Structures are given as structure tokens and as C-alpha cells.
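Working through the structure, step by step
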Number of protein chains: 2
Amino acid sequence: MSELAAALDIVGARWALLIVEQLLEGPRRYGDLQRELGMGTNMLATRLRELEAAGVLRRLPLRHNTRAYALTERGLALSAAITALRRWGAEQT
Amino acid sequence: MSELAAALDIVGARWALLIVEQLLEGPRRYGDLQRELGMGTNMLATRLRELEAAGVLRRLPLRHNTRAYALTERGLALSAAITALRRWGAEQT
DNA sequence: ACGGCGCACTTCCATTTTGAAAGTGTTAGC
DNA sequence: GCTAACACTTTCAAAATGGAAGTGCGCCGT
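The sections below set out a description of the structure shown in this document.

Scoring rules and cut-offs
- Residues numbered from 1 in each chain as written.
- Chains lettered and ligands numbered in written order.
- Predicted model: local features only at pLDDT ≥ 70, side-chain atom pairs only at ≥ 80, totals over all residues.
- Heavy atoms only, no water.
- Least-squares fit on C-alpha atoms with pLDDT ≥ 70 in both.
- Near = heavy atom within 4 Å.
- Polar contact = N/O pair within 3.5 Å; in protein donor to acceptor, adjacent residues only side chain to side chain.
- Helix = DSSP H or I, 4+ residues; strand = E, 2+ residues; numbered from the N terminus.
- Nonpolar A, V, L, I, M, F, W, Y, C, P; charged D, E, K, R; others polar.
- Pairing = 2+ DSSP bridges.
- Contact = heavy atoms within 4.5 Å.
- Axes fitted to C-alpha atoms, helices over the stretch in contact; angles between N-to-C directions.
- Salt bridge = Lys/Arg side-chain N within 4 Å of Asp/Glu carboxyl O.
- Buried < 20%, exposed > 50% of the residue type's maximum accessible area, 1.4 Å probe, protein only.
- Core = buried A, V, L, I, M, F, W, Y, C linked by side-chain atoms within 4.5 Å.

So, on to the relation of the copies chain B and chain A. Superposition record for chain B on chain A: RMSD 0.0 Å, screw rotation 180 degrees, translation along axis 0.0 Å. What the rotation and shift describe, once combined, is the action of a two-fold rotation axis. For chain B, the minimum C-alpha distance to the rotation axis belongs to Ala-81 of chain B and amounts to 2.7 Å.

Around DNA strand D, a shell composed of 21 residues is seen, among which Arg-49 and Tyr-69 of chain A together with Trp-15, Asn-42 and Arg-47 of chain B lie nearest. The contact in question runs from a phosphate oxygen of DNA strand D to an N or O atom on the side chain of Arg-49 of chain A, over 3.0 Å. Taken together, the elements giving at least two residues each to the surface near DNA strand D come down to helix 3 (30-37), helix 4 (41-53) and strand 3 (66-71) of chain A together with helix 4 (41-53) of chain B. Of the residues that constitute the surface near DNA strand D, the class distribution is five nonpolar, nine polar and seven charged.

Residues and elements named next belong to chain A. A sheet is described by the order of its strands in space; here three strands give the open sequence 1-3-2, paired in antiparallel fashion. The strands lining the two open edges of the sheet, one partner per strand, are strand 1 (28-29) and strand 2 (57-63). Here strand 1 runs beside strand 3; their pairing, made up of two bridges, is antiparallel. When the bridges of strand 3 are listed, Arg-29 appears paired with Ala-68. Here helix 4 sits on the sheet in contact with strand 2 and strand 3, set at roughly 115 degrees to strand 2.

Our next topic: the sheet that holds strand 3 (residues 66-71) of chain B. As summarised here, the arrangement of the three strands in space is 1-3-2 (chain B), forming an open sheet in which the pairing is antiparallel. Across the chains shown, the open sheet's two edge strands, defined by having one partner strand only, are strand 1 (28-29) and strand 2 (57-63) of chain B.

A side chain with one charge can pair with a side chain of the opposite charge if their charged atoms come near. Residues and elements named next belong to chain A. Applying the stated criterion across every chain yields a total of 16 salt bridges over all chains. For the salt bridge of Arg-28 with Glu-36, the shortest nitrogen-to-oxygen distance reads 3.0 Å. For Arg-28, a relative accessible area of 14% gives the class buried. By relative accessible area, which is 41% here, Glu-36 ends up partly exposed.

All right, on to the pairing of strand 3 of chain B then. Residue and element names in this part refer to chain B. Burial runs high along strand 3: five of the six residues are buried. Note: strand 2 against strand 3, six bridges, orientation antiparallel. Following the sheet pairing, Arg-58 is matched in strand 3 by Ala-70. Counting the residues in the hairpin turn of strand 2 and strand 3 gives two residues.

Once that is clear, we can look at the nonpolar core. Ile-19 of chain A together with Ile-19 and Leu-78 of chain B are the most contacted members of the largest nonpolar core, which totals 52 residues. Apart from residues lying up to four places away in sequence, Leu-78 of chain B is in contact with Leu-85 and Trp-88 of chain A together with Val-11, Leu-17, Val-20 and Val-56 of chain B.

In C-alpha cells form, the structure reads like this:
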């Protein structure tokens, strides 16, 4: 598997990069992510589980049944790729 | 829709970036892409149609029923994003 | 000139993924 | 005790994906 395919295996799933994009601005709670992204809660739960398993983000317990999701170092390293894609998306030709 | 979402709307589909990665090395014919990527021919046809419609690549007629697919300027502009993702995928942590 | 081959697809159908909606369990505050 | 917020899970329909087989067309050897 090529390096690109390996990357897409983790962040190529729908919503995955959009979740990481939000978390680049700081930790978020589950409900925040859902409202900001406008995605279904079942998909969000699935993606967060996958991204956590891949070491992209981690759960931070806050209070009782409240926790935050924050990027790991590996998640932060996606910043360059997201910036490049965002720039490309912004170019209207 | 955010700029990232706009980009993913075009190149976020499965196989799309892998196709562009191949074409970064030069024009390819349909059968070449299929063999190099190991993907089903129905999906390849669908992706090529979408990427052509999005202005990422164009068909170049070669001979009778033979043609090549080549990146447009907009397709070449994906190089930075692909490089960033490939680098991220290569990092083993 | 005719049969088979390679090329670029399309069609069909099973499997997987995605998505909307509603439901679950827990704790906090009134 | 009652309601609300939070973080999910469950259910089921719709859409995307994938494997396999089929289509049309020109070339090439016989």
C-alpha cells in the first residue's frame, strides 16, 4: 500500500478531515462537534472511535458524563495537509 | 460550505486522490490506471467522469478507441495536498 | 473477409457505508 | 421527583462501493 493510501485509510473516511479541522482550533465536546459540522450523531461516534484508535485524537474527561476531544501530536501533524486542501478548495477557476 | 468541505466534495471520494497521484507522474490510459490501482473498472469510470467534470483532468484522444487521461492545471495544483498527505502517511508513530 | 484480441467502457447485483430519527443511561439542577 | 443536558447506541432506509460479466469498435493475422 502506498503512503498516500495508508493516509487515506485513516483520514479518507467521510467527515474525518472535517472533524480534525475543527479540532485544530482547539478541543471540542461531542455535542459541539455535532452542531458545528451538522453531521449525524451515529457517524460522529463512529469516526471519533476510529480516529482515536488511529492515534489522531484522544478523549479528555472533563466532568461526570462530559469529555472533550483533542488532537494528539499525530493529529496536529495533519495541519499541513488540511491547509493545502483548503487552499486548493478555495481556488475558483 | 467551508473551503475544506468544497475540496473534499471533489477529491474526497474513494480512489479520487489515488487517481490524481498516478496522473502526477504523467498521463495514463484507462487500462493502465486500472492495473496500477487495482480498482474495479466501474468505479474508475465513475471517478474519471467526476474528476473530468470538476476540471481536475481531461481526456486526450490518442488513436481510434484509445485515449489518455492527463491532469489539468487545477489537477496539478493538488500536488501540494497529496505530498502533505503522503508525508503524513509515511510517519510511523 | 472473418475471427479473435485489446481497449474503453456499461450493466447487474451483492455488500458496505452513510444518514435520519428515535431511544438509552447517567448526572445535575430545580 | 421531574426535567434537561450530555454522550452516545439502535434501527432501518438510501446511497456508495465492488466483483463479474457483457458491449461496441477498430486492428491484426490468416
